[in-house]
Amino acid sequence: MTDPLAYRCLELGCGGAPLIAGSEGLSCPRGHRVAFAPGSTVPVFARQRHDVNEYTRDDAAIIHDNALRWVFATFADDETALRTRLVARLRLAAGQRVLVTGAGAGNDLPFLIRGLAGRGEIYAQDIAEEMILTGWRRHRADPAAGGVALHFSVSDAADLPFPDGYFDAAYHFGGINLFPDVGMGIAEMTRVVRVGGSVLIGDEGVAPWLRGTEFGKMLICNNPLYAADLPLALLPAAARSVQLSWELSNCFYVIAYSVAAGPPSVDIDIPHVGTRGGSIRTRYFGQLEGVNPDLRDRVYAQAQRVGMSRVDYLESLIRAGLASASTTD
Ligand SMILES: C[S@@+](CC[C@H](N)C(=O)[O-])C[C@H]1O[C@@H](n2cnc3c(N)ncnc32)[C@H](O)[C@@H]1O
Ligand SMILES: [Zn+2]
């Protein structure tokens, strides 16, 4: 059974109110409804229109199965070994709760189930109802799941219907290059993971040092997604212990990180020794107005003559100037 607190109302003004399950869908206390996809118990928060791309066709999962076979044959890699290796980077433990975004037909679910050692919860989401419903059909009654509860939903990975810090880990492989807003996709995965939890993101992207080679050019000509830049600059300030690897013949990037409470904190008051002096704080927060450059050069020269750093000398001049100003007030 889904935790009644898991799914949240996305309507503006509802402040992420919990959604309660009924026979035809979920509803919030203010009456907003999220219907189940026909013939299922899979809530649909947002979905792509039918047939707009290869993931929203009736045979989407078959196309995707063929595409995966092509990938692993082309790069001569083993799908089980790769997915096992990626899931291991989340360092899951029994009883944990994991989110999979862009889960497609659920190809990662057996590996995440194994990572949870038989106990826990997995929430799989995708914006293509056709894909996730196939995932739901293929995996919902998986006897291997044992004590791992599986939940499926249709939503945009850039607008997730879950509370902050709800998951121990979030996992994504293979679709983020297609997100209209990659930064929001990463921000949302980070938001819903607790402090200390893990996030993993991977997709196509020929390693930069191979882009200009014939190898890279062939791959990119075959599918422009192989030209995707890895989204390192879009990681959140709260990312720590960031690990990057290149998989599948250096044609896929994988970024894993743990989530901290905020940006790193450093001591900004350690004084610099040397000509300039000052500290991170004084250099950033203590900048003065522009002064006559000849005067500036004389001050610097005098600081050197008296053996003081520029900052210490300037501060002594300013202090002396202020002291004499206050005595003449
Ligand atoms: C290549 S498939 C990968 C499926 C699965 N992760 C796997 O490894 O087999 C990419 C998936 O990303 C999904 N996707 C694309 N944009 C999305 C978005 N904004 N939110 C959620 N899923 C999205 C697609 O619908 C598709 O099912
Ligand atoms: Zn609501």
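This text follows the structure it describes.
These lines cover the structure that appears in this document, whether it is placed above or below. Values in this document were obtained by computation on a predicted structure and should not be read as measured data.

1. Considering the environment of Arg30
Then comes step 1: Residue placement: Arg30 occurs in the loop between β2 (25–27) and β3 (33–35).
Then comes step 2: Taking the relative accessible area as the measure of exposure, Arg30 reaches 58% and is therefore exposed.
Then comes step 3: Taking the C-alpha atoms as reference points, Arg30 and Leu19, separated by 11 residues in sequence, lie 10.0 Å from one another.
Then comes step 4: Residue contacts for Arg30: discarding those within four places in its chain leaves Gly13 and Cys14.

2. Remarks on the packing of helix α8 (residues 293–306) against helix α9 (residues 310–328)
Then comes step 1: Running from N to C, α8 and α9 point in directions that differ by 105°, and their axes come no closer than 9 Å. It follows that α8 is roughly perpendicular to α9 by the angle criterion. Of the residues in α9, those touching α8 at Val299, Tyr300, Gln302, Ala303 and Val306 are Arg310, Tyr313, Leu314 and Leu317.
Then comes step 2: Looking at the contact of α8 with α9, its residues break down into 7 nonpolar, 1 polar and 1 charged.

3. Description of the pattern of salt bridges
Side chains carrying opposite charge are able to pair once their charged atoms draw close together.
Then comes step 1: Here the structure, examined in full by the defined rule, presents 15 salt bridges.
Then comes step 2: Note that Arg89 and Glu247 form a salt bridge whose closest N and O atoms lie 2.9 Å from each other. Taken together, the residues span a long stretch of sequence, with Arg89 in the loop between α2 (79–88) and β4 (96–101) and Glu247 in strand β9 (residues 239–247) at a distance of 158 residues. Of the two residues, Arg89 and Glu247, neither departs from the other in class, the shared state being buried.
Then comes step 3: In this structure, Asp269 engages Arg281 in a salt bridge whose closest nitrogen and oxygen atoms are separated by 2.6 Å. Here the residue Asp269 occupies a position in the loop between β10 (252–259) and α7 (280–285), and Arg281 occupies one in helix α7, the gap between them amounting to 12 residues.
Then comes step 4: Its relative accessible area of 39% is what places Asp269 among the partly exposed residues.

Conventions used here
Residues numbered from 1 in each chain as written. Chains lettered and ligands numbered in written order. Predicted model: local features only at pLDDT ≥ 70, side-chain atom pairs only at ≥ 80, totals over all residues. Heavy atoms only, no water. Helix = DSSP H or I, 4+ residues; strand = E, 2+ residues; numbered from the N terminus. Buried < 20%, exposed > 50% of the residue type's maximum accessible area, 1.4 Å probe, protein only. Contact = heavy atoms within 4.5 Å. Axes fitted to C-alpha atoms, helices over the stretch in contact; angles between N-to-C directions. Parallel < 35°, antiparallel > 145°, perpendicular 65-115°, else oblique. Nonpolar A, V, L, I, M, F, W, Y, C, P; charged D, E, K, R; others polar. Salt bridge = Lys/Arg side-chain N within 4 Å of Asp/Glu carboxyl O.

Fair warning: the whole summary comes from geometry, so function is off the table for now.
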